[in-house]
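Given next are the chains, with one letter for each unit.
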Amino acid sequence: MATRALDWTDATCPVARTLDLVGDRWSLLVIRDAMDGARSFTEFQRRTGIARNILTDRLGKLTTHGLLAQRTAPSGRRQEYVLTDAGRDLFPVILTLRQWGERHAFEPGEPHSTLVDQHGIQVPEIALTGADGTLLNTDTTHVQKT
């Protein structure tokens with residue numbers, strides 16, 4: 001997937017490459033909605049409000065780069081989009097963005113959606129830790145160039 005011909009923003013940086021694939025608003029919202037059960041073009045458009053031409057472009061890009069796959073819908077009358085393993089692997093990214101937004105994009109007490117587990121319990125805050133249990137953050141990590 002990652003070796004397809006693209007003009008990489010920074011060919012050696014995994015963050016830059018990822019943003020080249022999904023770093024626009026609409027791509028991540030399509031992935032978010034696919035994670036929440038959207039499958040059809042119409043569903044994605046209704047949920048996001050995205051223009052048809054932009055949605056066509058993003059669905060094509062996400063499919064070409066292996067984040068979504070097309071399959072025949074159970075009705076047999078249309079195609080639907082489903083997450084691939086690579087698309088599902090973006091779940092922690094979406095979750096982290098959601099939790100950041102809950103902390104920083106809303107005023108205290110302002111209503112917003114919440115993510116709950118299969119028991120209806122709000123998903124706890126993600127805390128990244130190293131192998132020794134140390135909290136990982138910008139003070140405890142650095143990029144090692146290869």
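Keep in mind that what you see is a predicted model, and the values were worked out from it rather than measured.

A separate point is the overall build of the protein chain. When helices and strands are counted, the protein chain shows six helices and two strands. Along the protein chain, from the amino end to the carboxyl end, the secondary structure elements read α-α-α-α-β-β-α-α. In terms of principal-axis extent, the alpha carbons of the protein chain reach across some 50 × 45 × 25 Å. For the protein chain, buried positions account for 28% of its 146 residues.

Our focus in this paragraph is the packing of helix α2 (residues 25-35) against helix α4 (residues 52-64). Two elements in contact, α2 and α4, have axes separated by 10 Å at closest approach and are oriented at 70 degrees. One way to sum up the angle between α2 and α4 is to call them roughly perpendicular. Between α2, through W26, S27, V30 and I31, and α4, the contact on the second element is made entirely by I54, L55, R58, L59 and L62. Of the residues contributing to the contact of α2 with α4, the split by class is seven nonpolar, one polar and one charged.

Another aspect to go through is the packing of α2 against helix α3 (residues 41-48). Taken N-terminus to C-terminus, the directions of α2 and α3 make an angle of 115 degrees; their axes are 10 Å apart at the nearest point. The angle between the axes of α2 and α3 places the two elements in the roughly perpendicular class. The crossing of α2 and α3 is right-handed. Contacts between α2 and α3 involve W26, L29, V30, R32, D33 and A34 from the first element and F44, R47 and T48 from the second. The residue makeup of the contact of α2 with α3, split by class, is five nonpolar, one polar and three charged.

Within the protein chain, residue pLDDT values average 93, and 97% of them lie at 70 or more. Here helix α1 (residues 14-22) stands out as the least confident element of the protein chain, with mean pLDDT 92; helix α5 (residues 85-88) is the most confident, with 98.

Before going further, it helps to spend a moment on a nonpolar patch on the surface. A cluster of nonpolar side chains, contributed by I126, L128 and L136, occupies part of the molecular surface with about 250 Å² of accessible area. Along the polypeptide, L136 turns up in the segment after α6 (91-104).

Time to look at the pattern of salt bridges. On inspection of all chains with the given rule, the structure shows eight salt bridges. Here D85 ties to R88 by a salt bridge, and the two come within 2.4 Å at their closest N and O atoms. Placement of the pair is D85 and R88 together in helix α5, with a separation of three residues, close to one helical turn. On the accessibility criterion, R88 (42% relative accessible area) is partly exposed. Residue E125 is joined to R103 by a salt bridge in which the shortest nitrogen-to-oxygen separation is 2.5 Å. Of this pair, E125 sits in the segment after α6 while R103 sits in helix α6, and the two are 22 residues apart along the sequence. You can call E125 partly exposed: its relative accessible area is 46%. Sharing partners across several salt bridges, the network here consists of D24, D57 and R58.

What counts and how
Residues numbered from 1 in each chain as written. Predicted model: local features only at pLDDT ≥ 70, side-chain atom pairs only at ≥ 80, totals over all residues. Heavy atoms only, no water. Helix = DSSP H or I, 4+ residues; strand = E, 2+ residues; numbered from the N terminus. Buried < 20%, exposed > 50% of the residue type's maximum accessible area, 1.4 Å probe, protein only. Axes fitted to C-alpha atoms, helices over the stretch in contact; angles between N-to-C directions. Parallel < 35°, antiparallel > 145°, perpendicular 65-115°, else oblique. Contact = heavy atoms within 4.5 Å. Nonpolar A, V, L, I, M, F, W, Y, C, P; charged D, E, K, R; others polar. Left-handed = near helix turned anticlockwise from the far one by under 90°. pLDDT = per-residue confidence, 0-100. Patch = residues over 30% accessible without salt bridge, like charges linked within 9 Å, V, L, I, M, F, W, Y side chains within 5 Å. Areas by Shrake-Rupley, 256 points an atom, 1.4 Å probe, with all protein chains shown as cover. Salt bridge = Lys/Arg side-chain N within 4 Å of Asp/Glu carboxyl O.

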